[in-house]
Amino acid sequence: MSLPPSPTSPLLALRAAILAYLATDATLARLMGGAFRLTEEPPRGAGPVYALFGDAEIRDESVDGARRHRHVLGLTVFARPGSTRSAVDVAERIADLLHDAPLSLAGHALVRLDLASIAVRRDPASGETRAVLNLGAITERLPA
């Protein structure tokens, strides 16, 4: 007897959809130095500009039998040394692209995706500028 496949994590489905959608934008790739770079971990041997998936939190928001999740998701853009603008330009492009984006999530539907904020910070240890996008989303598990 084989077990049915386990449902895809709503967080992983959302991240994969964001990654796939942003990867198609040539302007974003140009702003990142010629190649789109959004990853889970800092790219080895590559300098900024790149972006990382940051902290995330998911809460159950099920209602009327629908399995819904509320997400708080961060994306951090690392600037070129001496160029705050390089991080801000990438962060704003990502925000523009994700506004009303028709994201396709495996096993889930995107109910809503909002930009909560963009914060620009300088890391005290390295002096690097980082732009942090804070996103809010609601997803709903699709029936099997």
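Residues numbered from 1 in each chain as written. Predicted model: local features only at pLDDT ≥ 70, side-chain atom pairs only at ≥ 80, totals over all residues. Heavy atoms only, no water.

Q: Explain the packing of aromatic side chains to me, using residue names and the numbers behind them.
A: Under the counting rule described, the total for this entry stands at one aromatic pair. Between Tyr50 and Phe78, the ring centres sit 4.9 Å apart and the planes meet at 20°, which makes this aromatic pair stacked. Here Phe78 lies in strand E3 (residues 68-78) and Tyr50 lies in strand E2 (residues 50-60), a separation of 28 residues in the sequence. Here Tyr50 matches Phe78 in class, with each residue buried. (Phe/Tyr/Trp six-rings, centres within 6.5 Å; stacked < 30°, edge-to-face > 60°. Helix = DSSP H or I, 4+ residues; strand = E, 2+ residues; numbered from the N terminus. Buried < 20%, exposed > 50% of the residue type's maximum accessible area, 1.4 Å probe, protein only.)

Q: An account of the sheet that holds strand E1 (residues 38-39) is requested, with residue identities and associated values reported.
A: Strand order in this open sheet of five strands is E1-E2-E3-E5-E4, and the pairing throughout is mixed. Because the sheet does not close on itself, it has two edges, and the strands there are E1 and strand E4 (108-122). Bridge count for E3 against strand E5 (residues 129-141) is 11 bridges, and the pairing is antiparallel. Paired with Phe78 across the bridge in E5 is Arg130. (Pairing = 2+ DSSP bridges.)

Q: Residue-level account of the pairing of E4, with values.
A: Here E4 pairs with E5 via 13 bridges, running antiparallel. Paired with Leu115 across the strands is Leu135, a residue of E5. Here E4 folds back onto E5, and the loop between the two strands holds six residues, one of which, Gly127, carries a positive phi near 80°.

By themselves, these are just geometric observations and shouldn't be taken as functional.
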